[in-house]
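Survey of secondary and tertiary structure
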Amino acid sequence: MLRVGIAGLGFMGRIHYKYWKALEGADVAAICDANPNIEEDVKRTVGNIGDAEDAIDFASLQLYTDFEKMLSDGKLDAISLTLPTYLHADYSAKALAAGVNVLCEKPMALNAQDCERMVDEAKRSGKVLQIGHCVRFWPEYAKAKEIVDSGEYGKVIAATFQRLGAPPTWSIDNWFLDEKRSGGMTLDLHIHDTDFVQYLFGRPSAVCSFAAKGAGGALVHIVTQYLYDDDKVVTAEGGWAMMPAFGFEMSFNIVMEKATIVYDLTREPAFKVCPAEGEAITPEVEKEDGWFLQIAHFAKAIQGEKVKPITTLEESRDSVKIVAAEKESARKKEKVWIA
Ligand SMILES: NC(=O)c1ccc[n+]([C@@H]2O[C@H](COP(=O)([O-])OP(=O)(O)OC[C@H]3O[C@@H](n4cnc5c(N)ncnc54)[C@H](O)[C@@H]3O)[C@@H](O)[C@H]2O)c1
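This structure is a prediction, so every number in the text was calculated from the model and none was measured. (Residues numbered from 1 in each chain as written. Predicted model: local features only at pLDDT ≥ 70, side-chain atom pairs only at ≥ 80, totals over all residues.)

Right, let's get into helix 6 (residues 139–150). With 12 residues, helix 6 should cover 16 Å at 1.5 Å per step; its first-to-last C-alpha distance of 16 Å lies within 8% of that length. By the burial criterion, the buried members of helix 6 are Glu140, Tyr141, Ala144 and Val148. Buried residues of helix 6 fall within an arc of 100° about the axis and therefore sit on the same side. With respect to the buried face of helix 6, the exposed residues turned more than 90 degrees away are Glu146, Asp149 and Ser150. As for helix 6, its buried residues are in contact with strand 7 (156–165), helix 8 (184–201), strand 11 (248–256), strand 12 (259–264) and strand 13 (271–275). Count one or two residues on from helix 6 and you reach Gly151, which has phi positive near 75°. (Helix = DSSP H or I, 4+ residues; strand = E, 2+ residues; numbered from the N terminus. Expected span 1.5 Å × (residues − 1). Buried ≥ 20, exposed ≤ 12 C-beta atoms within 10 Å, placed from the backbone. Arc of directions from axis to C-beta. Contact = placed C-beta atoms within 7 Å.)

Here you go:
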C-alpha cells in the first residue's frame, strides 16, 4: 500500500485527496496544511471549477502544520504538493531530498531558474517528480493528441484553444491575485493550454500575444499565436475576467486536412470528429477525468512500472518559459522568440 501525504489542503489538495482515496493500492496517511483550523475550514466551499472534497476522514490520518515534520515523521512514499505556486520549488526540493516522490501541481514554479532547480533535485534524488499538467491526461485532449499523432486525417492546418473563468478568489489570503506569488492568470490558468499546444506541436519558435490588463496592470485576458516553422495557425485564449455567473469553460477546435476535431462542453455532443465526408463521430474516451488519470499514472511510475512519458520535467519547465515569453510579447506588443 502506497503511503501518500498531501501538502496544502485547499481546492486542489481536496481534489487530490478524493482521487488518491479512489485509487486502489494507495492511502492518504498524512496531510499538512499551515492553517491550524483546517479541519473546521475544510467545510468551506472552495474552487470555481468543480466540487472539491469536503468529506476528509481526519481520524484515519496524521495531520501536520509543519511540512518538514510531515516529511520526517510520515514514512511517506509520495506526496501531492498542492501548495500555492510560490512554494512549489522549495517544497518539492525538500521532499525529494527527503527521499519522497512528488506530484507537484502546475505551474512547475514561478520561473525557469526555479524549474531547473527542481529538475536537478529530482535527478540527484533519483525520485519521481511529476508536474500536474492534468490537461495532457484529460480524456478528450488525450484522444485529440492520439488522433493528430496518428496522421489519419492528414496535417493540422489550424488549432485554437480556450480557457475562461471568473477570478480565483477562494484562497484564504488571495494569493492567486498576487502576480508575485501565482504568476498571474497567464501562469496559473492559461498555462494549461500553452502546455497542451507544446504537447501537440512541440516548442513554438516564437509567440505573439495581446493581453487586456486588470487592476494594478495585471494581465487578465490573453490571446496568443504560437508560431511554428510551417504555416499552421495555432492560437490560445485564456482569461479570468469573466463574471461569476459565466462559470468555467475550456474548449478547442483542431482543423486538419481531412477532419475537424471539436471539444466544447456547451455543445451536444461536446466532443466530436467531423470527417471530410459523412456524419460526425464521437470517439470513445477514458471514463475517469484527467486529475484521476494523472494520479494513477504517477502511482505506476513510483512503483517502477514502465509508463509512457506523458509529461516531462523539461517540457513542464518549457511551458513556464513559453508563458514568460507570452507575457513579454503582450507587454512589448511584439513577437518574442523562444530561447
Ligand atoms: N490542475 C488544476 O486544474 C489546478 C486547479 C486549481 C489550482 N491548481 C494549482 O494548485 C496549487 C494550489 O492551488 P489551490 O487552488 O489548491 O490553492 P488554495 O489556496 O485553495 O490552497 C492552498 C493551501 O495551502 C496551504 N498552505 C499555504 N502555505 C502553506 C505552507 N507553508 N505549508 C502548508 N500548507 C500551506 C493553505 O492553507 C491552503 O489550504 C496552485 O499551484 C494552483 O495553480 C491547479
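All right, on to the sheet that holds strand 11 then. Pairing in this open sheet of eight strands is mixed, and the strands run 13-12-11-7-10-9-8-14 from one edge to the other. Edge positions in the sheet fall to strand 13 and strand 14 (336–337), since each has one partner strand and no second. In terms of strand pairing, strand 7 meets strand 10 (residues 233–239) through seven bridges, oriented parallel. Across the sheet, residue Ala158 finds its bridge partner in strand 10, namely Val233. Sheet strands in contact with helix 6 are strand 7, strand 11, strand 12 and strand 13, and its direction is about 170° off that of strand 12. Docked against the sheet, helix 8 engages strand 7, strand 9 (219–227) and strand 10, running at close to 155° with respect to strand 10. (Pairing = 2+ DSSP bridges. Axes fitted to C-alpha atoms, helices over the stretch in contact; angles between N-to-C directions.)

The next point concerns the domain arrangement of the protein chain. In terms of domains, the protein chain is made up of domain 1 (2–133) and domain 2 (135–286 + 312–337). Taking the mean C-alpha position of each, domain 1 and domain 2 sit 26 Å from one another. Each partner contributes to the interface: domain 1 provides 24 residues, whereas domain 2 provides 23 residues. Those elements giving two or more residues to the side of domain 1 that touches domain 2 turn out to be helix 5 (112–125) and strand 6 (129–132). Tallied by class, the residues present in the side of domain 1 that touches domain 2 amount to 15 nonpolar, seven polar and two charged. (Domains from an automatic or database assignment. Nonpolar A, V, L, I, M, F, W, Y, C, P; charged D, E, K, R; others polar.)

Let us look at the pairing of strand 8 (residues 206–213). The sheet contact formed by strand 8 and strand 9 spans eight bridges and is antiparallel. Residue pairing for strand 9: Phe210 is matched across the bridge by Val223. A loop of five residues connects strand 8 with strand 9, the two strands running antiparallel in sequence, and Gly216 in this loop sits at a positive phi of about 70°. Pairing analysis gives two bridges linking strand 8 to strand 14, with the strands arranged antiparallel. Following the sheet pairing, Ala206 is matched in strand 14 by Trp337.

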